[in-house]
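In case you want the letters, here they are:
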Amino acid sequence: MSQAETAGPTGTTGQSPRTSPTGTTEQRLHNPGNPRNPRNPRNPLWTLGILRSEITTTLRRHRTYALLAVLAAVPVLIGIAVRVETGGGGSGSGGGPAGGGGPAFLTQVTNNGLFLVFAALAATLPVFLPMAVGVVAGDAIAGEASGGTLRYLLVAPAGRTRLLLAKYASVLTFCLVATFVVAASALAVGALLFPVGEVTTISGTRISFGEGLVRAALTAAVVAASLVGFAALGLFVSTLTDSGIGAMAATVGLLITVQILDSIPQLSGIHPYLFPHYWMSFADVLREPVHWEELSKNFQLQGLYAAVFGSAAWARFTAKDITA
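Residues numbered from 1 in each chain as written. Predicted model: local features only at pLDDT ≥ 70, side-chain atom pairs only at ≥ 80, totals over all residues. Heavy atoms only, no water.

A. Structural detail: the overall build of the chain. Within the chain, the regular secondary structure consists of 13 helices and two strands. With 324 residues in all, the chain has 42% of them scored as buried. Long-range pairs, those at least 24 residues apart, make up 72% of the contacts in the chain with a sequence separation of at least 6. About 15,500 Å² of surface is accessible on the chain, with carbon and sulfur atoms providing 66% of the total. (Helix = DSSP H or I, 4+ residues; strand = E, 2+ residues; numbered from the N terminus. Buried < 20%, exposed > 50% of the residue type's maximum accessible area, 1.4 Å probe, protein only. Contact = heavy atoms within 4.5 Å. Areas by Shrake-Rupley, 256 points an atom, 1.4 Å probe, with all protein chains shown as cover.)

As structure tokens, then:
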């Protein structure tokens, strides 16, 4: 057989049509430097894979289940306590200016079970929700280091910046999930134990039950957004130590300390700069129209904390000597 007869379609003797000087199509596709390679760190799908893995890992931990179960139990206890105390009978005027504060929402629960959502969020936001977030955020980096898995995560290769962003995103996801677990539990208990119907806002106007549900969902979103700054603070603390328990304890300790500082009248000058100062502004969502002044200050403050402590966490983590 002649050389021309054995030549491939490209005119090169014995060369496969899928072969090139840079290798076969399969070789080029699986080249680590090829942007189309799904395992190339520059591929957006690779980043999404890291993010999905971190969120899944965070939400599937037994500790996460326990925290969510405790948070879901708080509205149940509040609802049962109000039901037993009032015997299911209505009390209060069904709304109005007196319902502006967090605990005052309890006086409206017997008239409308939807108010249990606002009462439960008001009861869990100062302590229970941020403590749960502090546990998850404090363990984000330090827990991996103490478990000896942090170094292997970086070898993946994930990159320190990308891994840190994925950890922060997983903590924010937990904030959202935890808040809506409280709201959903409160809505179910409120509808089961008390009547539901039109909602009387803090401003004294009445809105439909459907719009009340929208306001409740918006309130839960505002509460979750209120934890953004504290989540960044907890992540920063997590980069300072290799002890997961130590990071969680330090984060929760900072929360308690700042809460105490925010309650001392003599320190009113620094109150507007403390991350929990505007947490209860979510009550303004139940006004007609919604008052955005305090809510805007809350969002700005949370964004500032996220930027400052997020940058500090990045600076610390990217320069940290990973030995575990």
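Okay, back to it.
B. Focus on a nonpolar patch on the surface. On the surface, V76, I80 and V84 cluster together into a nonpolar patch covering about 250 Å² of accessible area. Here V84 lies in helix α4 (residues 62–86). (Patch = residues over 30% accessible without salt bridge, like charges linked within 9 Å, V, L, I, M, F, W, Y side chains within 5 Å. Salt bridge = Lys/Arg side-chain N within 4 Å of Asp/Glu carboxyl O.)

C. Layout of the packing of helix α7 (residues 128–146) against helix α12 (residues 244–262). Here α7 crosses α12 at 150°, and the two axes come no closer than 7 Å. Here α12 runs roughly antiparallel to α7, going by the angle between their axes. For the element pair α7 and α12, the recorded crossing hand is right-handed. Residues P130, M131, G134, V135, G138, D139, A142, G143 and S146 of α7 form the contact with α12, whose own contacting residues are G244, A247, M248, T251, V252 and L255. Classifying every residue of the contact of α7 with α12 gives eight nonpolar, six polar and one charged. (Axes fitted to C-alpha atoms, helices over the stretch in contact; angles between N-to-C directions. Parallel < 35°, antiparallel > 145°, perpendicular 65-115°, else oblique. Left-handed = near helix turned anticlockwise from the far one by under 90°. Nonpolar A, V, L, I, M, F, W, Y, C, P; charged D, E, K, R; others polar.)

D. Summary view of the packing of aromatic side chains. Counting across every chain of the model gives six aromatic pairs. Between the aromatic rings of F275 and W279, the centroid separation amounts to 5.8 Å while the plane-to-plane angle is 50°, which identifies the pairing as tilted. With respect to burial, F275 and W279 carry one shared label: buried. Centre to centre, the rings of Y305 and F309 are 5.7 Å apart; their planes meet at 20°, and the pair counts as stacked. (Phe/Tyr/Trp six-rings, centres within 6.5 Å; stacked < 30°, edge-to-face > 60°.)

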